[in-house]
Amino acid sequence: MNFLFPRKTSTIGSNLRKMWTIASVAVSIVIFLEAFNPVFDGTRPFLEKTAISVLTLWSTAYFVLVVATVPFLTSHDFWPNPTRLATDALVSITQTIFVFALVYRTYGIVGPTSEATASAWDHLYFSAVTFSTLGYGDFRPDIAARGFAAFQSIVGNLHLGMIVGVAFFAAQPERSDNHGNNNATNNE
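Residues numbered from 1 in each chain as written. Predicted model: local features only at pLDDT ≥ 70, side-chain atom pairs only at ≥ 80, totals over all residues. Heavy atoms only, no water.

As a further point, take the side chain of Glu34. Among the structural elements, Glu34 can be located in helix H1 (residues 12-34). Reaching out from Glu34, the side chain makes a polar contact with the backbone nitrogen of Phe40 at a distance of 2.8 Å. With residues near it in sequence (within four places) discarded, Glu34 still touches Val39, Phe40, Leu102 and Arg105. (Helix = DSSP H or I, 4+ residues; strand = E, 2+ residues; numbered from the N terminus. Polar contact = N/O pair within 3.5 Å; in protein donor to acceptor, adjacent residues only side chain to side chain. Contact = heavy atoms within 4.5 Å.)

Here it is as structure tokens:
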């Protein structure tokens, strides 16, 4: 995982965020692979809806605690690393799209024709379109999934704001403290 986190970090919070990011990458991979060999097939509705609730909470908490709060911690002593923030944002985007694709597979989407059953790729496509708030109109959420679609659209817009924020942090000149010393040791 050195490509995700090339430097060692010194704070407990940074290390916890790093572990959560690695776990979120693993969750995203498992959800993606699940699309090829569905475990969530409707035969155990209580278990499936409970797992989906946990995954949705995980995804939302990851975004709020790892991605969205870090820029608010910015101070004279702490400046977020733009590469790390971008990595965390991209992991959050991927995880959110995959988790909600699973939500839509469980709660349903309505396709352009009522005869065709939506595939796992259709659910992934619908999740990405909903996340980006494009709304092409070829698919729509079933009644049970409408609240999830509205929530995902809001989360998608917040992610867009984070990407703009990451670009802002990346465009800033290298910071230095009052004594002219570079503040490179505290930028995780």
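What follows deals with the nonpolar core. Core analysis: the largest hydrophobic core is formed by 22 residues, its most contacted members being Ile31, Leu55, Ile97, Val103 and Tyr104. Where this core is concerned, the elements lending two or more residues are H1, helix H2 (45-68), helix H3 (82-107) and helix H4 (120-131). Per-element accounting of this core gives the leading share, 10 residues, to H3. In this structure, Ile31 is in contact with Leu55, Phe98 and Val99, ignoring residues within four places of it in sequence. With 15 residues, the next largest nonpolar core counts Tyr62, Phe63, Val70 and Met162 among its residues. (Core = buried A, V, L, I, M, F, W, Y, C linked by side-chain atoms within 4.5 Å. Buried < 20%, exposed > 50% of the residue type's maximum accessible area, 1.4 Å probe, protein only.)

On to the packing of H3 against helix H5 (residues 146-171). As a packed pair, H3 and H5 sit with axes 10 Å apart at the nearest point and diverge in direction by 170°. Judged by the angle between their axes, H3 and H5 are roughly antiparallel. Taken together, the residues of H5 that come into contact with H3 (itself represented by Pro82, Leu85, Ala86, Ala89, Ser92, Ile93, Thr96, Ile97, Phe100, Val103, Tyr104 and Tyr107) are Phe148, Ala149, Phe151, Gln152, Val155, His159, Met162, Ile163, Val166, Phe169 and Ala170. (Axes fitted to C-alpha atoms, helices over the stretch in contact; angles between N-to-C directions. Parallel < 35°, antiparallel > 145°, perpendicular 65-115°, else oblique.)

What follows is about the packing of aromatic side chains. Scanning the entire structure with this criterion turns up 12 aromatic pairs. Pairing Trp20 with Trp58 gives two aromatic rings, centres 5.8 Å apart and planes at 80°, and the pair type is edge-to-face. Here Trp20 is found in helix H1, whereas its partner Trp58 is found in helix H2, with 38 residues between them in sequence. Aromatic pair Tyr125 and Tyr136: ring centres 6.4 Å apart, planes at 10°, arrangement stacked. Separated by 11 residues along the polypeptide, Tyr125 in helix H4 and Tyr136 in the loop between H4 and strand E2 (140-141) bring together distant segments of the chain. (Phe/Tyr/Trp six-rings, centres within 6.5 Å; stacked < 30°, edge-to-face > 60°.)

Looking now at H2. Across its 24 residues, H2 extends 32 Å between first and last C-alpha, which sits within 8% of the 34 Å expected from 1.5 Å per residue. Among the residues of H2, Glu48, Ile52, Leu55, Thr56, Ser59, Tyr62, Phe63, Val66, Val67 and Ala68 are the ones counted as buried. Each element contacted by the buried residues of H2 is listed here: H1, H3 and H5. (Expected span 1.5 Å × (residues − 1).)

To continue, consider the environment of Ser53. The residue Ser53 is located in helix H2 in this model. You can call Ser53 partly exposed: its relative accessible area is 39%. As a C-alpha pair, Ser53 and Val103 span 50 residues in sequence and 8.6 Å in three-dimensional space.

Going through the model one piece at a time under the given rule, you end up with two salt bridges. Salt-bridge contacts for Arg105 lead to Glu34; the nearest nitrogen and oxygen are separated by 2.6 Å. In this pair, Arg105 sits in helix H3 while Glu34 sits in helix H1, placing the two residues 71 residues apart along the sequence. Owing to a relative accessible area of 8%, Glu34 belongs among the buried residues under this scheme. The salt bridge involving Arg84 is made with Asp88; its shortest N-O contact spans 3.8 Å. Residue Arg84 and its partner Asp88 are both found in helix H3; the two are separated by four residues, about one turn of the helix. Asp88 matches Arg84 in its accessibility class, with the two residues each being buried. (Salt bridge = Lys/Arg side-chain N within 4 Å of Asp/Glu carboxyl O.)

We now examine the confidence of the model for the protein chain. Averaged over every residue, the pLDDT of the protein chain is 82; residues scoring 70 or more account for 86%. Within the model, the stretch residues 177-187 combines pLDDT values under 50 with 18 contacts to residues more than four positions away or in other chains. (pLDDT = per-residue confidence, 0-100.)

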